[in-house]
Amino acid sequence: MHRLTLRAVLVHTALIIGSASALMPLFWMISISFKLPQDIFTMPPSWLPETVTFENYQKLFSSIPFARQFLNTLGVTTVIVAGQLLFSSMGAYAFARMRFPGREHLFMVFLATMMVPQVVTLIPTFIIIRTFGWVNHYMGLIAPYALGSAVATFMLRQFMLTIPVELEEAARMDGAGHLTIFFRIILPLVRPALAVVGVFAFVFFWNDFLWPQVVINSEQMKTLTVGIAGLASSVYGTDWGVLMAGATLTVLPLIVVFLVAQRYFIEGIQITGLK
Amino acid sequence: MTNIPITASPQTVSHPPMLSREAREGLTAYLFLAPNLISLGLFVVAPLFAGLAISLTDWDMMSSPTWVGAANYAGLLSDPALMLSLKVTLLYSLMVIPGGLIVSMLIALALNSDIRGLRIYQAILFLPYVSSTVAVALAWKWIYNPQYGILNAALRTIGLPQPDWLTDPAVAIVSVAIVSIWQTAGYNAILLMAGMRSIPKHYYEAASMDGATGWQKFWRITLPLLKPTIFFVMVTSLINSFIQSFNIIFVMTGGGPGNATKVLMFYIWENAFNFFKMGYASAISYLLFVLLIAVTILQLRVTGRGAEEIR
């Protein structure tokens, strides 16, 4: 069936080189995390650990409150993603299905805010959070993001516009209000779009570094990225085994999320690209 | 094309007639939008103006701010560290944007062919993008390590020179750019591939009948029709590169050696949160904002006009 033409050989070669390059750093990260200290500094480096050890992981959990930082990250990310999905779909519903004065202008403002880079808002946002007394507090990590994002609202609105209104009209005839229509009809129908927005937001906020780095200053409150970056600039800075153990545990949950929800990632990119 | 039924719905009857139907709908709409509006107002629009105000002051966050007018902006011009940082940022963008585009275009072309195992390749190529930048930057720091890193070990084996990837000022920014390209290439490739898939097949069929080579088809059909996607990839990589570069540089070089990798984002962060020069840092971030807008408009003009030519 598939005759192996010269072209196919070339394409496979290119993709194998590309895939190997993509995996290489991740492979070494995991491999080193299971190596004994003396095996890390052998020359040339061995691909796999001579003896598999969990020493680095034990050291990681005893040198910084890693378990706490893991739970911080999980909790904060979950709350932000849940908040964005709920509040952005509410906003999207208003834009897609309701008539109200100022709708078009407000929508333009939403689009415009998507263009504002974080660089510009970073300092004033920190001052606002500081005014609320939320520095080094979960609220500081969550508040700026959990009430929805313009991108999420925009993407969900685009998706809702593709849903035919007939279903809602029947419900409306039966006296259903917007709240009922939103929760009972629209939300279930936009599930695929929620999955796309949700997985991207999960990855983004799990990996976010700049904002947590600015707003958190104690080990107990740190998220994983800030935690391992701090570890790298501490006395453990050259303890590659421990650092790679931290990096592995930071990346691993996302790889699992990605493998489970792969379809939504690929779909999501295709939607973004063809907008 | 609205969905308001022509007959009055029962709910109009059951409510007191104080508010009209339209007014109630408007009120409900704003309630639905309230969380979004609070968020955008408090964390995007207000900071946008507050930042401008802060940039006109001298403020260390401890004492109260002193109004200095345009002094911070005047100071920008006579700051050699800023000029260096602008240069580093420009250099970084000039490597990451075209470099990233070429790499991801090659991957996209490979992915766009009809071969087996496409989904597996796609998944693997996408992994760097979901991996935390801070974590993979740590792994790369080991790879680049001159004594026991894998990169120089490999170069030594095949007898090539072994640069000091992160401690040689001339090389460090290249090393950082490589990590950035590595992390985003798969994502951008899938974007470009989606763009390629949306090009109608009959263009290629017609070109084949006219005897066009694969190379000609790429330059005459794929590339021109892909311009909107290429533009999107370029703008997003430009904007992302600021935050992403900060993460990579924070972990791998700390802006060094010397100031060789101190991109603008890092310089802003350092001024604000290390030196507590909030006013000055805000002024730089506004400069960066204006630069970003200018570059985006420029890219829009260059690629946008090109796209119209072929229609």
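Residues numbered from 1 in each chain as written. Chains lettered and ligands numbered in written order. Predicted model: local features only at pLDDT ≥ 70, side-chain atom pairs only at ≥ 80, totals over all residues.

Engineer: Could you give an account of the overall build of chain B, with specific residues and numbers?
Structural biologist: Along chain B, the regular secondary structure elements total 13 helices and two strands. Over its C-alpha atoms chain B spans a radius of gyration of 26 Å, topping by over 25% the 19 Å that the globule rule assigns to 311 residues. Across its three principal directions, the C-alpha atoms of chain B cover 85 × 70 × 35 Å. The burial tally for chain B puts 39% of its 311 residues in the buried class. Sequence-distant contacts, at least 24 apart, represent 71% of the contacts inside chain B between residues at least 6 apart. (Helix = DSSP H or I, 4+ residues; strand = E, 2+ residues; numbered from the N terminus. Rg over C-alpha atoms; globule rule 2.2 N^0.38 Å. Buried ≥ 20, exposed ≤ 12 C-beta atoms within 10 Å, placed from the backbone. Contact = placed C-beta atoms within 7 Å.)

Engineer: Explain the nonpolar core to me, and be specific about the residues and the numbers.
Structural biologist: Val197 and Ile228 of chain A together with Leu138 and Ala139 of chain B are the most contacted members of the largest nonpolar core, which has 160 residues in total. Ranked by the residues each element gives to this core, the list is headed by helix H8 (residues 169–197) of chain B, at 15 residues. Discounting residues that sit within four places of it in the chain, Ala139 of chain B has contacts with Pro25, Trp28, Met29, Met244 and Ala247 of chain A. (Core = buried A, V, L, I, M, F, W, Y, C linked by C-beta atoms within 7 Å.)

Engineer: Report on the interface of chain B and chain A, specifying residues and quantitative values.
Structural biologist: Every contact between the two is made by 87 residues of chain B and, on the other side, 83 residues of chain A. The biggest single contributor to the side of chain B that touches chain A is helix H2 (residues 21–54) of chain B, with 22 residues. In terms of residue class, the side of chain B that touches chain A is made up of 63 nonpolar, 22 polar and two charged. (Nonpolar A, V, L, I, M, F, W, Y, C, P; charged D, E, K, R; others polar.)

Engineer: Let's hear about the domain arrangement of chain B: which residues, and what values?
Structural biologist: Residue and element names in this part refer to chain B. Each assigned domain of chain B is listed here: domain 1 (19–67) and domain 2 (79–310). Each of domain 1 and domain 2 was reduced to a C-alpha centroid, and the two centroids are 33 Å apart. Domain 1 puts nine residues into the contact, and the matching count from domain 2 is seven residues. Elements represented by at least two residues in the side of domain 1 that touches domain 2 include exactly H2 and strand E1 (57–58). Tallying contributions element by element places H2 first for the side of domain 1 that touches domain 2, with three residues. Here the residues of the side of domain 1 that touches domain 2 sort into four nonpolar, three polar and two charged. (Domains from an automatic or database assignment.)

Engineer: How would you sum up the environment of Leu94 of chain B? Please name residues and give values.
Structural biologist: Position of Leu94 of chain B among the secondary structure elements: in helix H4 (residues 80–111). Sequence separation of Leu94 of chain B and Ala177 of chain B is 83 residues, and the distance between their C-alpha atoms is 9.6 Å.

Engineer: Give me the environment of Ser19 of chain A: which residues, what numbers.
Structural biologist: Looking at the element boundaries, Ser19 of chain A is found in helix H1 (residues 6–33). Given 20 C-beta atoms within a 10 Å radius, Ser19 of chain A is considered buried. For Ser19 of chain A, the contacting residues outside a window of four places in its chain are Tyr121, Ile124 and Leu125 of chain B.

Engineer: Pulling in residues and values, what's your account of the domain arrangement of chain A?
Structural biologist: Residues and elements named next belong to chain A. Taken as a whole, chain A is organised into domain 1 (1–53) and domain 2 (63–274). Using C-alpha coordinates to define each centre, domain 1 is positioned 33 Å away from domain 2. Tallying the contact residues gives eight residues for domain 1 and seven residues for domain 2. Elements represented by at least two residues in the side of domain 1 that touches domain 2 include exactly H1 and helix H2 (37–40). The dominant element in the side of domain 1 that touches domain 2, judged by the number of residues it contributes, is H1, at five residues. In terms of residue class, the side of domain 1 that touches domain 2 is made up of six nonpolar, one polar and one charged.

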